[in-house]
Amino acid sequence: MKEIKIESTLTVFENLEELPTDIVALMDQAAVARRNSYSPYSNFSVGAAILLDNNEIVLGSNQENASYPSGLCAERTAIYYAGSQYPDARILKMAIIAGSRIHQTITPIPPCGACRQAIAEYEVKQDSPIEIYFMGEAGKVVKSHSLANLLPLVFDKSVL
Ligand code: THU
């Protein structure tokens, strides 16, 4: 028997101003996407912006449904759009901004487990890391240089 230790390194920025201008611009686009969130059930709106290597920016927001599980998170809305519209483009970065319409959200909101799995698929597909930046409506911004950092022991095609 042996124990294994799994470590991840993330970078925490105090606020958006500490980030390079291209990331601020991508986060601004995520905020624009968030305005189109359809979230009447949770009152929690999320926006995601993805930068591709062809310089296209793809947006997504969470889309809810009266049949709750039929809704989809912002990150998957965006990444599936990217995968379906630009199948040959490399996904470079994703910015995510999220918050409640009922109370203030100033803690960084990471992508849920299902979204991590979906993003991981594209990292494996393109064999290069996707940078992830996430935040609440304001305050700290967390950067992960790769999705793999957020999803240790990933299930991927290598086991199929
Ligand atoms: N949501 C996202 O869009 N992304 C996540 O990573 C976490 C959750 C959405 C789903 C649902 O519409 C609302 O936030 C509350 O769970």
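The structure we're discussing is the one just above.
The rules behind each value
Residues numbered from 1 in each chain as written. Predicted model: local features only at pLDDT ≥ 70, side-chain atom pairs only at ≥ 80, totals over all residues. Heavy atoms only, no water. Helix = DSSP H or I, 4+ residues; strand = E, 2+ residues; numbered from the N terminus. Rg over C-alpha atoms; globule rule 2.2 N^0.38 Å. Near = heavy atom within 4 Å. Polar contact = N/O pair within 3.5 Å; in protein donor to acceptor, adjacent residues only side chain to side chain. Areas by Shrake-Rupley, 256 points an atom, 1.4 Å probe, with all protein chains shown as cover. Nonpolar A, V, L, I, M, F, W, Y, C, P; charged D, E, K, R; others polar. Buried < 20%, exposed > 50% of the residue type's maximum accessible area, 1.4 Å probe, protein only. Contact = heavy atoms within 4.5 Å. Expected span 1.5 Å × (residues − 1). Patch = residues over 30% accessible without salt bridge, like charges linked within 9 Å, V, L, I, M, F, W, Y side chains within 5 Å. Salt bridge = Lys/Arg side-chain N within 4 Å of Asp/Glu carboxyl O.

Let us look at the overall build of the protein. Counting its regular elements, the protein contains three helices and six strands. Sequence-ordered secondary structure for the protein, helices as α and strands as β, is β-α-β-β-α-β-α-β-β. Taking 15 Å as the expected radius of gyration for a compact globule of 160 residues, we find that the protein reaches 16 Å, a close match to that expectation. Based on the C-alpha atoms only, the size of the protein along its principal axes is roughly 45 × 40 × 35 Å.

Neighbouring the ligand are the residues Ser42, Phe44, Val46, Asn62, Glu64, Cys73, Ala74, Glu75, Pro110, Pro111 and Cys112. In the environment of the ligand, an oxygen atom lies 2.9 Å from a nitrogen or oxygen atom belonging to the side chain of Asn62. Backbone polar atom of Cys112 to an oxygen atom of the ligand: 2.8 Å apart, as the coordinates give it. The fraction of the free accessible surface of the ligand (380 Å²) that becomes covered by protein chains is 75%. Residue assignment for the shell around the ligand shows that the elements contributing at least two residues are β2 (44–52) and α2 (74–85). Here the residues of the shell around the ligand are counted per class, giving seven nonpolar, two polar and two charged.

Further remarks concern unusual backbone geometry. Positive phi values are uncommon outside glycine, yet Asp127 reaches one of about 55 degrees. Considering the arrangement of structural elements, one finds Asp127 in the loop between α3 (113–126) and β5 (131–135). According to the relative accessible area criterion, Asp127 is exposed, its value standing at 69%. Phi is positive for Leu153, close to 60 degrees, though the residue is something other than glycine. By secondary structure assignment, the location of Leu153 is in the segment after β6 (141–144).

As for its position among the elements, Leu147 is in the segment after β6. Of the residues examined, Leu147 reaches a relative accessible area of 0% and is grouped as buried. Each C-alpha atom of the pair Leu147 and Thr107 lies 19 Å from the other, and the pair is 40 residues apart in sequence. Those residues within four positions of Leu147 in sequence are excluded, and the remaining contacts are Arg116, Ile119, Ala120, Glu123, Ile130 and Ile132.

One full turn of an α-helix is made of 3.6 residues, so residues set three or four places apart face in the same direction. Taking 1.5 Å as the rise per residue, α2 with 12 residues should run 16 Å; its terminal C-alpha atoms sit 16 Å apart, in good agreement. Each element contacted by the buried residues of α2 is listed here: β2, β3 (57–61), β4 (91–100) and α3.

This part covers a nonpolar patch on the surface. Side chains of Ile4, Ile6 and Leu153 sit close together on the surface and give an oily, nonpolar patch of about 360 Å² of accessible area. Note on Leu153: relative accessible area 73%, which makes it exposed.

So, to be careful, I would describe these as geometric facts and stop short of saying anything about function.
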